[in-house]
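# Close look at the chain arrangement
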Protein chains: 2
Amino acid sequence: MKPADILYNHNLKRTSCREGIIEVIMSADRALSENEIRKRLKVNYDRTTFYRSFKTLEEHKIIHRIVVDNQTVKYALDNSITNKKEHAHFYCNDCQEVQCLESAVIRKMQLPAGYTEEETEILIRGTCSLCKRN
Amino acid sequence: MKPADILYNHNLKRTSCREGIIEVIMSADRALSENEIRKRLKVNYDRTTFYRSFKTLEEHKIIHRIVVDNQTVKYALDNSITNKKEHAHFYCNDCQEVQCLESAVIRKMQLPAGYTEEETEILIRGTCSLCKRN
DNA sequence: ATTTCAAATGCAACTTTGTTGCAAATATAG
DNA sequence: CTATATTTGCAACAAAGTTGCATTTGAAAT
Ligand SMILES: [Mn+2]
Ligand SMILES: [Mn+2]
Ligand SMILES: [Zn+2]
Ligand SMILES: [Zn+2]
């Protein structure tokens, strides 16, 4: 599906910023940060616009956010677009890149009595296959 | 074990800031943020000192950090002090409190070929037993 | 094609979180 | 008590994110 169609399906206005962000995230093989996305866009948008766009796209489940640490947020396409299940994410301590591990499907954990789960986030830190070789 | 002994065992100077932080974290039944810890201390330390203390205590595996989101970090006693295993953490969407789920031991996930795990972080978001009741 | 207007953008000002360099204070070994 | 390596506080800074408001724009209606 094309960025423009995705926006249309969600009743979102087709602005170049939103379209650009979706375009860049769709064509990436890994999760990207705000700055990585900015670098790949032709036009330069204000930070505010960028943040508001991410917020809107997240709310409409077009993209999802991966919090690596309190200082680093990355974005990838959401499961509702990729038709994948909830999955773990991998952070390479070496190249610092984040990948969606679509094969690592998240299974719910046993919780203490009275607790209810709504969402489970898993972040695996380690070394990716590319960095392992070197 | 007392805060002073913990510091002594790690060859760390016994300063009131470090001792206070450990004291507060030890006596809490949940993970606390920088500000929550500050409020519970008698003396007011500079933010820099606070951050440096957290860093030192983390490096010596006396406390561990739980990143709730890119804006929120909480601290709890580390497993090396509590003698517990790597566990998942629970964030209550209602009361916004974080708890170590020491019964929810982390089991390693299957990774794609060539990937190596070093650490797995699990954060479960949902409603805690107290908030459920109300 | 032109008009209309709710929604999106850009800008300025601000907040929160965290970091760095350096001088002053202090914990602890001798 | 003294010496000194560590730790602390302060100032200055940086990065990330938010808010209010005036301007611009997408797209629906005419
Ligand atoms: Mn993902
Ligand atoms: Mn914990
Ligand atoms: Zn790597
Ligand atoms: Zn709760």
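Let us look at the structure shown here. (Residues numbered from 1 in each chain as written. Chains lettered and ligands numbered in written order. Predicted model: local features only at pLDDT ≥ 70, side-chain atom pairs only at ≥ 80, totals over all residues. Heavy atoms only, no water.)

### Digging into the protein's contact with DNA strand C
By nearness alone, 21 residues border DNA strand C, and R18, R52 and N70 of chain A together with R14 and Y51 of chain B come closest of all. When the atoms of DNA strand C within 4 Å of the protein are grouped by moiety, sugar and phosphate amount to 61% of the total. Between D46 of chain A and DNA strand C, the recorded distance is 3.4 Å, taken from a backbone N or O atom to a phosphate oxygen. The separation between a phosphate oxygen of DNA strand C and a polar side-chain atom of T49 of chain A is 2.8 Å. Looking at the surface near DNA strand C, the elements that each hand over two or more residues are α2 (16-27) and α4 (47-59) of chain A together with α3 (34-39) and α4 (47-59) of chain B. Residues that form the surface near DNA strand C fall into these classes: four nonpolar, eight polar and nine charged. (Near = heavy atom within 4 Å. Polar contact = N/O pair within 3.5 Å; in protein donor to acceptor, adjacent residues only side chain to side chain. Helix = DSSP H or I, 4+ residues; strand = E, 2+ residues; numbered from the N terminus. Nonpolar A, V, L, I, M, F, W, Y, C, P; charged D, E, K, R; others polar.)

### Thoughts on the pairing of strand β2 (residues 63-69) of chain B
Each regular strand shows side chains that alternate between the opposite faces of the sheet. Both β2 of chain B and strand β3 (residues 72-77) of chain B contribute to a ladder of six bridges, which runs antiparallel. Looking across to β3 of chain B, one finds that I66 of chain B is bridged to K74 of chain B. (Pairing = 2+ DSSP bridges.)

### Remarks on the coordination of the zinc ion (ligand 4)
Residue and element names in this part refer to chain B. Surrounding the zinc ion (ligand 4) are the protein donor atoms C92 (SG), C95 (SG), C128 (SG) and C131 (SG), at 2.2 to 2.4 Å. Taken together, the four donor atoms surrounding the zinc ion (ligand 4) define angles of 102 to 120° at the centre, an arrangement classified as tetrahedral. The buried category is assigned to C128, whose relative accessible area is 6%. You can call C131 buried: its relative accessible area is 14%. (Donors = N, O, S within 2.8 Å, 3.2 Å for Na, K, Ca; no water. Tetrahedral: all angles 85-135°; square planar, octahedral: opposite > 155°, others 65-115°. Buried < 20%, exposed > 50% of the residue type's maximum accessible area, 1.4 Å probe, protein only.)

### Points about the interface of chain A and chain B
Facing the 35 residues of chain A at the interface are 35 residues of chain B. Interface of chain A and chain B: buried area, both sides summed, is about 3,000 Å²; carbon and sulfur atoms make up 53% of it. Considering only the surface of chain A that becomes buried against chain B, N70, M109 and Y115 of chain A emerge as the three largest contributors, covering 21% of it. A salt bridge links R125 of chain B to E121 of chain A; its shortest N-O distance comes to 2.6 Å. In this assembly, chain A and chain B are joined by 19 residue pairs in polar contact (both at pLDDT 80 or more). Mapped by element, the contributors of at least two residues to the side of chain A that touches chain B are β2 (63-69), β4 (87-92), β5 (98-105), β6 (116-127) and α6 (129-133) of chain A. If you tally residues by element for the side of chain A that touches chain B, the top one is β6 of chain A, at twelve residues. (Contact = heavy atoms within 4.5 Å. Buried area = accessible area lost by both parts, 1.4 Å probe. Salt bridge = Lys/Arg side-chain N within 4 Å of Asp/Glu carboxyl O.)

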